[in-house]
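# Geometric and topological summary
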Amino acid sequence: MPNPLNELLRQYLTVAIFAGLGLAMVGAMLGVGWLLRPDRPEPQKYINYESGVDPLGVMWSQSQIRYYVFALLFVLFDVEAVFIFPWATRLEAYGAFGLIEMAVFIFILALGLVYAWRKGVLRWV
Amino acid sequence: MTVLSVLAQLSGPPFESLPIDWHALAPEVVLLSVAVLITLVDSIGLERARPLMPGLAGLGLLGALIPVITLAVEGSDRVLFGGAYVVDDLSLLLKAVFLLSGYVIVLLSTNYIAEGDYWEGEYYNLLLFSLLGMVVMASARDLITIFVALELLSIPAYMLAAWRKGDRRSNEAGMKYLLMGVFASAVMLYGMSLVYGVTGTTLLEPIGLIFAEVGTASVITLGVIFVIIGFSFKVSAVPFHTWAPDTYEGAPTPVAAFLAVASKIAGFVALISLIYFGFLGQSDLIEPLLFILATLSMFVGNLIALRQTNIIRMLAYSGVAQAGFMLAPFAVAASDPETSLKAVVTYLVIYAAMNLGAFAVVIALARKTRSGEISSFGGAFQYAPALTVAMSVFLFSLAGIPPLGGWFAKFSVFAAVVNAGTTAGYVMAVIVAVNSVIALYYYAQVAKTMWMDPVPDGDMTPVGVPPSLGWAIVLTAALTLLFGVLPGLLGDVTDSFDLGHLELLAFPG
């Protein structure tokens with residue numbers, strides 16, 4: 001009969017090997033890159049955009065939050081489309097059940113738009 | 001041939017709408033409707049609707065409790081969606097705990113959120129959606145349902161943790177919680193994919209039967225451990241607890257209470273479903289893992305809590321230690337499945353009452369002291385005797401002193417680990433006993449400060465406790481006392497659980 005403690009440790013050895021492999025893989029990828037790449041440091045290479053516009057001003061500049069809100073609203077309709085297209089191809093089969101389900105879904109999504117509109121997000125001030 | 005008939009042919013076999021048991025789903029439907037209603041009222045009324053929000057949310061949570069009660073009275077187990085969703089006594093009790101904790105958290109938030117410069121409709125909306133995820137979690141018996149419930153309860157919580165937008169610490173809290181939560185989700189999903197790969201199903205029941213049959217395999221080991229580690233983050237078990245103190249401290253205090261109680265219990269509910277309905281057959285694997293997690297959580301949580309000067313951080317580390325106590329029965333999950341499951345559930349219910357109460361008193365006292373330092377609560381007995389007595393009740397209950405609820409919780413855990421009759425069980429009993437003593441020291445230290453120390457700034461004006469906060473403290477204190485004086489109440493509920501399947505999973509053949 002095998003020693004139960006050995007059995008137990010062998011089971012957890014799998015996890016240790018797995019973790020070791022994970023670390024080794026990251027290490028190997030970075031290590032191979034480090035070995036293969038040429039190393040010729042130049043001050044030009046430390047600029048943010050090496051061949052682009054010269055960076056001006058401070059790093060922590062703020063960007064307009066409204067772009068983010070518009071992106072979110074876009075996702076609202078994007079997700080809607082993802083679900084509506086497949087649903088529409090089988091609308092007849094789904095019948096009344098499918099119609100009500102989709103009405104509830106669209107109502108909740110539309111509520112998101114109403115909310116955004118009432119909170120003044122759609123105005124570009 | 002018309003275009004429509006071609007389309008009808010292409011679209012495959014006719015669709016049969018799923019039979020849906022609306023009564024069993026009523027708590028979820030009510031919660032969802034109220035959350036949507038809050039957004040609607042908020043969109044229409046804008047500033048004028050602000051005072052309505054807490055009332056709507058609170059009534060909605062109590063409304064969702066009604067179908068839970070009718071389902072419990074009716075008493076039959078309902079299985080939905082091919083076994084992925086089960087409404088039985090166990091899940092109904094847990095749903096009731098989530099809904100009542102949510103109600104208390106709305107009471108705690110009412111003045112805190114209304115008086116600060118916060119968005120109110122969104123706050124209660126997100127709170128309700130998070131609670132919806134928890135209520136779903138209580139019934140989930142399927143890997144995908146568990147994962148969806150987890151995301152539904154976590155994502156609003158990430159935002160709530162960062163609700164004090166102008167405060168750097170709150171942003172830090174939300175960010176830390178988000179990053180750790182997402183990392184945990186990724187690890188857990190990977191584990192779930194491995195479990196699915198081995199068993200070919202996401203339903204826990206067949207997974208349990210397969211795991212009980214096949215014995216050990218490397219893939220199962222990896223899958224099970226990754227899934228359990230994922231939920232260890234959620235319940236803030238050591239060594240995955242590092243986010244908890246910073247997040248609780250930075251988040252608005254009612255949100256900290258929400259994370260410390262409702263969110264933590266949701267993590268335990270997922271662990272209960274996974275372990276007692278799925279992984280029980282792999283006892284050689286899960287028992288040692290949970291033994292180590294429980295032991296580390298108790299010792300590390302308690303020893304670090306000894307050194308805390310901030311009451312929220314102390315409650316955070318005490319929460320880590322309490323998670324250890326709740327994990328202790330899992331260490332004998334397969335040796336004595338029934339007793340240990342009941343012990344965990346008993347502890348969860350009582351923990352919700354006493355920990356919410358402690359947070360409620362902290363919120364009430366902080367209205368005067370404007371500080372979370374324990375020393376700032378010095379001499380609270382002189383200007384707020386009722387709050388001090390209530391805090392002592394909660395603290396000594398957390399420490400496990402009879403006749404308060406925490407005593408029965410600790411007793412159940414102790415009885416479960418001893419009852420299992422294994423060496424690990426006896427060792428765990430000793431660890432639980434030692435840690436109960438360590439914990440008593442820092443809980444009693446806070447009580448001593450409040451009763452005996454002088455008032456730091458000599459300001460003796462009484463604390464104005466708003467009615468909602470007062471009602472929350474009365475409610476939680478009454479429940480804490482009730483569970484301690486009449487432990488049979490909870491025992492009767494846990495005895496009604498239908499746990500026939502456990503023997504099958506734990507002792508196959």
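In short, a report on the structure. What you see is a predicted model, and the numbers here were worked out from it, not measured in a lab.

## A short note on the overall build of chain A
Secondary structure assignment for chain A yields three helices and zero strands. Listed by position from the N terminus, the elements making up chain A come as α-α-α. With the C-alpha coordinates aligned to their principal axes, the bounding extent of chain A is approximately 70 × 60 × 30 Å. Each of the 125 residues in chain A was classed as buried or not, and the buried ones make up 1%.

## Considerations on the overall build of chain B
The helix and strand tally for chain B stands at 21 helices and two strands. For 509 residues, the compact-globule formula gives about 23 Å, and the C-alpha radius of gyration of chain B, at 23 Å, lands near that figure. Along the first, second and third principal axes, the C-alpha atoms of chain B reach 85 × 65 × 40 Å. Buried residues in chain B amount to 58% of all 509 residues. Here the analysis covers contacts within chain B between residues at least 6 apart in sequence; of these, 81% occur between residues at least 24 apart.

## Quick notes on the packing of helix H2 (residues 65-89) of chain A against helix H3 (residues 91-118) of chain A
Residues and elements named next belong to chain A. Packing of H2 against H3 brings their axes to within 11 Å, and their N-to-C directions diverge by 175°. What the angle tells us is that H2 and H3 run roughly antiparallel. On the side of H2, the interface is formed by Leu73, Leu76, Glu80, Phe83, Trp87 and Ala88, while H3 contributes Leu91, Gly98, Met102, Phe105, Ile106, Leu109, Gly112, Leu113 and Ala116. Considered class by class, the residues forming the contact of H2 with H3 number twelve nonpolar, two polar and one charged.

## Some remarks on helix H11 (residues 253-279) of chain B
Residues and elements named next belong to chain B. With 27 residues, H11 should reach 39 Å at 1.5 Å per residue; the first-to-last C-alpha distance of 36 Å fits that figure. Maximum bend of H11: about 30°, positioned at Leu259. The element H11 is largely enclosed, with a buried count of 27 among its 27 residues.

## Looking at helix H16 (residues 385-399) of chain B
Three or four residues apart is the spacing at which side chains of an α-helix point the same way, because the helix has 3.6 residues per turn. Residue and element names in this part refer to chain B. When the terminal C-alpha atoms of H16 are compared, their 21 Å separation across 15 residues agrees well with the 21 Å that a helix rising 1.5 Å per residue should span. A large share of H16 lies buried, amounting to twelve of its 15 residues. Of all the positions in H16, only Leu387, Thr388, Ala390, Met391, Ser392, Val393, Phe394, Leu395, Phe396, Ser397, Leu398 and Ala399 are classed as buried. Buried residues along H16 sit against helix H13 (311-327), helix H14 (337-369), helix H15 (380-383), helix H17 (405-419), helix H18 (423-452) and helix H19 (467-485). One or two residues past the end of H16 sits Gly400, with phi positive at roughly 95°.

## A short note on the interface of chain B and chain A
Across the boundary between the two partners, chain B contributes 18 residues, which contact 17 residues of chain A. In the side of chain B that touches chain A, the residues fall into ten nonpolar, seven polar and one charged.

## Focus on the nonpolar core
All names here are of chain B. Among the nonpolar cores identified, the biggest contains 199 residues, and Leu108, Met137, Leu348, Phe359, Val361 and Val417 are the most heavily contacted of them. The element contributing the most residues to this core is H14, with 21 residues. Apart from the residues lying within four places of it in its own chain, the contact partners of Leu348 are Val97, Ile265, Phe268 and Met326.

## Section: the packing of helix H6 (residues 143-161) of chain B against H11 of chain B
When two helices pack together, their arrangement is given by the angle between their axes and by how far apart the axes lie. Residue and element names in this part refer to chain B. It is at 11 Å that the axes of H6 and H11 come closest, and there the two elements cross at 165°. It follows that H6 is roughly antiparallel to H11 by the angle criterion. For the pair H6 and H11, the sense of crossing is left-handed. Mapping the contact onto sequence places Ile146, Leu150, Leu153, Ala157, Leu160 and Ala161 in H6 and Val255, Phe258, Leu259, Ser263, Ala266, Ala270 and Ser273 in H11.

## Quick look at the environment of Met192 of chain B
Residues and elements named next belong to chain B. Note that Met192 resides in helix H7 (residues 168-199). Sequence separation of Met192 and Val261 is 69 residues, and the distance between their C-alpha atoms is 26 Å. If we skip the residues at most four places from it in the chain, Met192 touches Leu143, Phe147 and Val227.

## Considerations on unusual backbone geometry
Residues and elements named next belong to chain B. Here the residue pair Val238 and Pro239 is connected by a cis peptide bond, since its omega of 5° sits within 30 degrees of zero. Mapping Pro239 onto the fold places it in the loop between helix H9 (218-234) and helix H10 (243-250). Omega for the bond connecting Pro402 with Pro403 falls within 30 degrees of zero, at 5°, which places this linkage in the cis form. Although it is not a glycine, Phe81 adopts a positive phi angle of roughly 50°. In this structure Phe81 comes out as partly exposed when scored by C-beta crowding, with 17 C-beta atoms within 10 Å. A positive phi angle, close to 55°, is found at Arg370, a residue other than glycine. Relative to the helices and strands, Arg370 is located in the loop between H14 and H15. Overall, the presence of 8 C-beta atoms within 10 Å leaves Arg370 in the exposed class.

What counts and what doesn't
- Residues numbered from 1 in each chain as written.
- Chains lettered and ligands numbered in written order.
- Predicted model: local features only at pLDDT ≥ 70, side-chain atom pairs only at ≥ 80, totals over all residues.
- Helix = DSSP H or I, 4+ residues; strand = E, 2+ residues; numbered from the N terminus.
- Buried ≥ 20, exposed ≤ 12 C-beta atoms within 10 Å, placed from the backbone.
- Rg over C-alpha atoms; globule rule 2.2 N^0.38 Å.
- Contact = placed C-beta atoms within 7 Å.
- Axes fitted to C-alpha atoms, helices over the stretch in contact; angles between N-to-C directions.
- Parallel < 35°, antiparallel > 145°, perpendicular 65-115°, else oblique.
- Nonpolar A, V, L, I, M, F, W, Y, C, P; charged D, E, K, R; others polar.
- Expected span 1.5 Å × (residues − 1).
- Bend = angle between axes of the 7 residues up to and from the residue.
- Core = buried A, V, L, I, M, F, W, Y, C linked by C-beta atoms within 7 Å.
- Left-handed = near helix turned anticlockwise from the far one by under 90°.

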